[in-house]
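Fold and contact review
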Amino acid sequence: MPSFDVVSEVDKHEAQNAVDQANRELSTRFDFRGVSASFELNDFVVAMVADNNTQIEQMKSMLMGAMTKRSIKVNCLEFSAPSGVGKQTKVTATMRQGIDKELGKKMVKMIKDSKIKVQASIQGDTVRVTGKKRDDLQQVMAMFLSDDSIDMPLAFKNFKD
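My aim in this report is to walk through the structure given alongside it, one point at a time.

Quick notes on the rules
Residues numbered from 1 in each chain as written. Predicted model: local features only at pLDDT ≥ 70, side-chain atom pairs only at ≥ 80, totals over all residues. Heavy atoms only, no water. Helix = DSSP H or I, 4+ residues; strand = E, 2+ residues; numbered from the N terminus. Rg over C-alpha atoms; globule rule 2.2 N^0.38 Å. Buried < 20%, exposed > 50% of the residue type's maximum accessible area, 1.4 Å probe, protein only. Contact = heavy atoms within 4.5 Å. Areas by Shrake-Rupley, 256 points an atom, 1.4 Å probe, with all protein chains shown as cover. Lys, Arg positive; Asp, Glu negative; His and termini not counted. Charge placed at Lys NZ, Arg CZ, Asp CG, Glu CD. Expected span 1.5 Å × (residues − 1). Pairing = 2+ DSSP bridges. Axes fitted to C-alpha atoms, helices over the stretch in contact; angles between N-to-C directions.

1. Observations regarding the overall build of the protein chain
- Check the secondary structure of the protein chain and you find four helices and nine strands.
- Along the chain direction, N to C, the helices and strands of the protein chain fall in the order β-α-β-β-α-β-β-β-α-β-β-α-β.
- What you see for the protein chain is a C-alpha radius of gyration of 19 Å, clearly larger than the 15 Å of a compact globule of 161 residues, by over 25%.
- By its C-alpha atoms, the protein chain is 60 × 25 × 25 Å across when sized along the principal axes.
- Burial statistics for the protein chain: of 161 residues in total, 41% are counted as buried.
- Long-range contacts, defined as pairs at least 24 residues apart, comprise 61% of the intrachain contacts of the protein chain with a sequence gap of at least 6.
- Accessible area for the protein chain stands at about 9200 Å²; split by element, carbon and sulfur atoms hold 49% of it.
- Put simply, the protein chain has 24 plus and 22 minus side-chain charges, and the middle of one group is 4 Å from the middle of the other.

Pasting the structure below:
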């Protein structure tokens, strides 16, 4: 029987490209001339350093814009509280990954409510969808991609026919 796994993960290469793009935008902005501000990505955690909170807020919008251009959902970002280190302010943005139990249950309920003839099961941080027809599985994929209530970036892996 055909099946696939729904996972929530951020493409690390695209995330690095988004951070690099935000750094390039930072270097060309007039209001950041002469300011020691930067973005740095370490294992799905983006560290933003600037001189004050106003600049941090502008950097957040730059990062979100760069991620949107790279097709990464910005809802997966969790920003920490600003912390002052000397005259610099630092904020970290963590990219959430994996489908937690609550979201998994919501996705299984969505599948059951849609009356598509497939079965869904939660397996750790993935949701496995199994059905008799490939078309039914593709309907489920389209339903997940079009739904705005799922605020995590979804990927469909391990498609077996």
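Text resumes after the structure shown.
2. Digging into helix 4 (residues 134–146)
- Relative to the 18 Å expected for 13 residues at 1.5 Å per residue, helix 4 spans 19 Å between its end C-alpha atoms, a close match to the ideal helical length.
- On its buried face, helix 4 sits against strand 1 (3–8), helix 3 (101–114), strand 7 (118–123), strand 8 (126–131) and strand 9 (154–160).

3. Observations concerning the sheet that holds strand 1
- Reading across the sheet, the four strands line up as 7-8-1-9 and stay open at both edges, with antiparallel pairing between neighbours. The open sheet has two edge strands, strand 7 and strand 9, and neither has a second partner. Recorded for the sheet is a direction-independent mean angle of 25 degrees between the axes of neighbouring strands.
- With four bridges connecting them, strand 1 and strand 8 associate as antiparallel partners. Paired with Val-6 across the bridge in strand 8 is Val-127.
- Sitting on the sheet, helix 3 touches strand 1, strand 7, strand 8 and strand 9, and the angle it makes with strand 7 is about 175 degrees.
- Where helix 4 meets the sheet, its contacts fall on strand 1, strand 7, strand 8 and strand 9, and the angle it forms with strand 9 comes to roughly 170 degrees.

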